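The primary structure of each chain is shown beneath.
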Amino acid sequence: MLEPLSTVTRRFFSYLIDLMPQHKITPESPIGIFDSGIGGLTVVKAVQAALPAERIIYFGDTARVPYGPKSQVTIRRYAREDTEILMKHQPKMIIVACNTVSALALDVVEEAAGNIPVIGVLKAGAELAARRSRSGRIGVIGTQATIGSNAYACAIHGENDELEVISKACPLFVPLAEEGFIDHPATRLVAEEYLSEIVRRNIDTLVLGCTHYPILRAMIERITGPDIAIIDSAEAVACKAGELLATHGMLNRGSHRAVPHLLVSDLPQKFRELYRLFMGTELPDVELVGV
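Residues numbered from 1 in each chain as written. Predicted model: local features only at pLDDT ≥ 70, side-chain atom pairs only at ≥ 80, totals over all residues. Heavy atoms only, no water.

Asker: Before we go on, may I ask you to explain the packing of helix α3 (residues 72–87) against helix α5 (residues 106–113) in this structure?
Answerer: A pair of packed helices is characterised by two quantities: the angle between their axes and the separation of those axes. In contact at an axis separation of 9 Å, α3 and α5 are set at 30° when each is read in the N-to-C sense. With respect to each other, α3 and α5 are oriented roughly parallel. The element α3 and its partner α5 pack so that their crossing is right-handed. Only D107, V108, V109, E111, A112 and A113 of α5 make contact with α3, whose side of the interface consists of R76, A79, R80, T83 and M87. Of the residues in the contact of α3 with α5, the class split is six nonpolar, one polar and four charged. (Axes fitted to C-alpha atoms, helices over the stretch in contact; angles between N-to-C directions. Helix = DSSP H or I, 4+ residues; strand = E, 2+ residues; numbered from the N terminus. Parallel < 35°, antiparallel > 145°, perpendicular 65-115°, else oblique. Left-handed = near helix turned anticlockwise from the far one by under 90°. Contact = heavy atoms within 4.5 Å. Nonpolar A, V, L, I, M, F, W, Y, C, P; charged D, E, K, R; others polar.)

Asker: Help me understand the packing of helix α6 (residues 121–132) against helix α8 (residues 151–159) in this model?
Answerer: Between α6 and α8, whose axes approach to 9 Å, the crossing angle comes to 50°. For the element pair α6 / α8, the angle class is oblique. Once α6 is placed against α8, the crossing between them reads as right-handed. Contacts between α6 and α8 involve V121, L122, K123, G125, A126, E127 and A130 from the first element and A151, Y152, A155, I156 and E159 from the second.

Asker: Help me understand the sheet that holds strand β10 (residues 286–288) in this model?
Answerer: Think of a sheet as strands paired side by side through backbone hydrogen bonds, with each pair either parallel or antiparallel. Here we have six strands laid out as an open sheet, ordered β4-β3-β1-β2-β9-β10, and parallel in their pairing. Strands with a single pairing partner mark the edges of an open sheet, and in this sheet they are β4 (118–120) and β10. Direction aside, neighbouring strands of the sheet carry axes that sit 20° apart on average. When strand β9 (residues 261–264) meets β10, the two strands line up parallel, connected through three bridges. Paired with L262 across the strands is V286, a residue of β10. Packing of helix α2 (residues 41–50) onto the sheet brings it into contact with β1 (31–35), β2 (56–60) and β3 (93–96), and relative to β2 it is tilted by some 170°. (Pairing = 2+ DSSP bridges.)

Pasting the structure below:
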């Protein structure tokens, strides 16, 4: 049986690690973004619109989607593994495009990312919702794990404890988005069932608390009507990323529009089809990686 490492040996290995070259960050370094599947493409699209010169490395964990019904232990393990995949590409920032991970495992991502900044979509969306609401009644829809964590309500109350938050889990929205059922009759029936109760509560603002949900935004807006403001956490986090990079002098000042580098853990051909459907642009190469 192998003996455990002595204290002296552990210190020696730690010393050797300290001597290794550190992750060098420059304005030309990419922004790393990950999500459980295609949903994070909403964040990619928002970042490209706000920061067109930035290089993007996107990892969609298509082998293990959805994260929402998984246990917290599993979600935290996936979060670490997803971050480690992105760290191989030496990003200058990591955006957690998964609300479930933002709610339950942001600390895991921060630890795995080391000295680079990490932004979660949840806090960015909560801040924007708190600013936008006029009546003080905010609806939040998300996966079972995100809603069960109560993280959005806590984040919104952290901005203003007088706001009222009405939350609703909508677990079927993720598989419907992953199947590309953007304007399907089945999607409308499911959306009406999910949203009818929350709309009756007289909310004036609705947070799309999962990055898959903006894929279904047009359907959601038809049901909620024009008087309810939709908060897309993808747009909020893209704005926050730009502000943070500018503050630290890390914006890419190039004039060339960068093409994202896409990584998936399964079904690259299906991902290509959904990318073309949702993004409306020619598809860059999709790389298959193991998890």
